[in-house]
Amino acid sequence: MICDVKSQTRDEVLALFKEWNEPVYRVDQLLHWLYVQRVTSWEAMTNLPKHLREKLSEHYSLHSLELVRKQGARDTTQKFLWRLSDHSLIESVLIPANPTLYGDASDRHTLCVSTQVGCAYGCRFCASGLEGWKRDLGAHEIVEQVLAVERWNAQQSSELNDNETRPTTHNPRPAIRFIDNLVIMGMGEPLANYDNLLKALSILNARWGGGIGARKITISTSGLAPQIRKLADEPLQFRLAVSLHGATDEVRSRIMPVNRKYPLSDLTSACEYHQRKKGKMITLEYILITGVNDGREQIKPLAELALRLNAKVNLIPYNKVEGLSWERPAEEMQEAFLNALEKQKVTATLRREKGHDIAAACGQLRLKTERELALQR
């Protein structure tokens, strides 16, 4: 099977063009079409000679994601359900930042990106793994999520400008980067697809590619300790988030099977190594689940761990998943948990929910759609 051109670095394309005796500037023209104009066909690359487009089409594929569904929340969070070339479904979530002090729309946009079809790690509260793991995403499928959302935005902005129904702050010109920040915490365990993930992120970070700064890219993991150490040795300064969700082995093992292989002692050691190598604050993601991990007995061990790692804690109220019995705590319980952590001198935030009304937690829209399609067969 031929590879997708969006899985290739500039150096890889350049080596091929040299074999073909094509001038170097043709490489940059190709990359401009892919990552600035975001075209989806070889025919659209009008300043490339026909013979070169034909050779490219023979050597590379050029897949784009098919938008199956999109849901928008009242807080303007957007969830995208994409169909891949093999008909598998994945999700991306666009999360605009909170409005600025004076009420203007924020110009920062974060995209939550998937790395696998399904998930093998089986966190008990998560929809992504309910149907198991099917396959890893290729580097091009990770990259394409960013490009597809930017195409969608450019199209929406263009339509608004054409209709002049209301002013828009988004410039429809494709040369403007729409996605400012990436969080790699969608469907799947990112560090279980390590090589494809790192290649995709190198493309999205490169000036000739996505142009997204490494410090604006956060990789989340459920706790794969060896890969955390490996990531620490990478040259790029990606940020690290750990899906903790339990401050003791007893609680964490109950809801996260990965903890049995990499218990908190191993995970903490790996995080300390990462912090020493990178010198960057780690984020501990902590989904609050009623009666599971929201009790006061979790405060002290969570605070000790956060202070030991010089980490901040991001508290996330649980997003209800159909078919699972877990519940989110009442708002007063959420606030009490936050206040208790802050009294322990922990840097902590409570996510005032984005996307709860569109089931924006990982895998929910995919699961719902796959079950609906199964009923139609």
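These numbers come from a predicted model, not from an experiment.

*Asks:* Quick one: what's the story with unusual backbone geometry, residue by residue and with numbers?
*Replies:* Unlike most non-glycine residues, N21 shows phi in positive territory, near 60 degrees. One can find N21 in the loop between α1 (10-19) and α2 (24-35). A positive phi angle is found at K345, which is not glycine, with a value near 70 degrees. Tracing the sequence through the fold places K345 in the loop between α11 (331-343) and β12 (348-350).

*Asks:* Break down the environment of V5 for me, citing the residues and quoting the values.
*Replies:* Topologically, V5 is positioned in the segment before α1. Note on V5: relative accessible area 2%, which makes it buried. Counting along the chain gives 54 residues from V5 to H59, while the straight-line C-alpha distance between them is 8.7 Å.

*Asks:* Which residues make up the packing of aromatic side chains, and what values do they have?
*Replies:* When we look at a pair of aromatic rings, we describe it by the centre distance and by the angle of the planes. Applying the stated criterion across every chain, the model contains 5 aromatic pairs. Summarising the aromatic geometry, the rings of F80 and W82 are spaced 5.4 Å apart at their centres and angled 0 degrees between planes, so their arrangement reads as stacked. Both residues of the pair, F80 and W82, count as buried. Ring pairs connect the aromatic residues F80, W82 and W152, which therefore count as one cluster.

*Asks:* Before we move on, could you go through α2 and cite the residues and values that matter?
*Replies:* For α2, which comprises 12 residues, the first-to-last C-alpha distance of 17 Å matches the rise-based estimate of 16 Å (1.5 Å per residue) to within 8%. Restricting attention to buried positions, one finds in α2 the residues R26, V27, Q29, L30, L31, W33, L34 and Y35.

*Asks:* Give me the lowdown on the pattern of salt bridges, citing residues and values where you can.
*Replies:* According to the stated counting rule, one finds 15 salt bridges in the structure shown. In this structure, E144 engages K6 in a salt bridge whose closest nitrogen and oxygen atoms are separated by 3.6 Å. One end of the pair, E144, is in helix α4 (residues 139-163); the other, K6, is in the segment before α1, with 138 residues separating them in the sequence. Residues R151 and E144 are paired through a salt bridge, measuring 2.7 Å at the closest nitrogen-oxygen approach. The residues R151 and E144 share a single accessibility class, namely buried.

*Asks:* Provide a residue-level description of the sheet that holds strand β4 (residues 109-112), including the pertinent values.
*Replies:* Taken in spatial order, the 10 strands make up an open sheet running β1-β2-β3-β4-β7-β8-β9-β10-β11-β12, and their pairing is mixed. Lying at the two open borders of the sheet, with one neighbouring strand each, are β1 (66-72) and β12. Strand-to-strand twist in this sheet, taken as the mean axis angle between neighbours without regard to direction, amounts to 20 degrees. Against the sheet, helix α10 (residues 299-309) makes contact with β10 (283-288) and β11 (312-317), and its axis sits at roughly 160 degrees relative to β10, the strand it touches most. Where α11 meets the sheet, it contacts β10, β11 and β12, and its direction lies at approximately 170 degrees from that of β12.

*Asks:* Give a detailed account of the nonpolar core, specifying residues and quantitative values.
*Replies:* Generally speaking, a soluble globular protein has its nonpolar side chains buried in company with each other. Ranked by internal contacts, the top residues of the largest apolar core, which has 103 residues, are L30, L182, L284, V313 and L341. Residues contacting L341, with those up to four places away along its chain left out, are I299, L302, A303, V313, L315, V346 and A348.

*Asks:* Give me the lowdown on the packing of α10 against α11, citing residues and values where you can.
*Replies:* Two elements in contact, α10 and α11, have axes separated by 10 Å at closest approach and are oriented at 50 degrees. Classified by the angle between their axes, α10 and α11 sit oblique to one another. Between α10 and α11 lies a crossing whose hand is right-handed. Seen from α10, the contacting residues are I299, L302 and A303; seen from α11, they are F337, A340 and L341. Here the residues of the contact of α10 with α11 sort into 6 nonpolar, no polar and no charged.

*Asks:* With reference to specific residues and values, describe the packing of helix α5 (residues 194-205) against helix α6 (residues 225-232).
*Replies:* At a closest axis distance of 12 Å, the pairing of α5 and α6 adopts a crossing angle of 30 degrees. When the interaxial angle is binned, α5 and α6 end up roughly parallel. For the crossing formed where α5 meets α6, the hand is right-handed. Residue-level inspection shows Y194, D195 and L198 of α5 in contact with α6, the latter providing Q227, K230 and L231.

*Asks:* How would you sum up the environment of R328? Please name residues and give values.
*Replies:* Take R328: it is sitting in the loop between β11 and α11. By relative accessible area, R328 is classed as partly exposed at 25%. Along the primary structure R328 and P317 are separated by 11 residues, whereas in three dimensions their C-alpha atoms are 5.7 Å apart. From its side chain, R328 meets the backbone oxygen of Y318 in a polar contact 2.8 Å long.

*Asks:* Which residues make up the side chain of T110, and what values go with them?
*Replies:* In this fold, T110 is placed in strand β4. Residues in contact with T110, not counting those within four places in the same chain, are V93, L94, I95, N181 and V183.

*Asks:* Please set out the confidence of the model for the protein residue by residue, giving values where relevant.
*Replies:* With 85% of its residues at a pLDDT of 70 or more, the protein has an overall mean of 89. Every residue in residues 165-174 scores below 50 in pLDDT, and together they form 17 contacts with partners more than four places removed in sequence or on other chains.

Rules of the game
- Residues numbered from 1 in each chain as written.
- Predicted model: local features only at pLDDT ≥ 70, side-chain atom pairs only at ≥ 80, totals over all residues.
- Heavy atoms only, no water.
- Helix = DSSP H or I, 4+ residues; strand = E, 2+ residues; numbered from the N terminus.
- Buried < 20%, exposed > 50% of the residue type's maximum accessible area, 1.4 Å probe, protein only.
- Phe/Tyr/Trp six-rings, centres within 6.5 Å; stacked < 30°, edge-to-face > 60°.
- Expected span 1.5 Å × (residues − 1).
- Salt bridge = Lys/Arg side-chain N within 4 Å of Asp/Glu carboxyl O.
- Pairing = 2+ DSSP bridges.
- Axes fitted to C-alpha atoms, helices over the stretch in contact; angles between N-to-C directions.
- Contact = heavy atoms within 4.5 Å.
- Core = buried A, V, L, I, M, F, W, Y, C linked by side-chain atoms within 4.5 Å.
- Parallel < 35°, antiparallel > 145°, perpendicular 65-115°, else oblique.
- Left-handed = near helix turned anticlockwise from the far one by under 90°.
- Nonpolar A, V, L, I, M, F, W, Y, C, P; charged D, E, K, R; others polar.
- Polar contact = N/O pair within 3.5 Å; in protein donor to acceptor, adjacent residues only side chain to side chain.
- pLDDT = per-residue confidence, 0-100.

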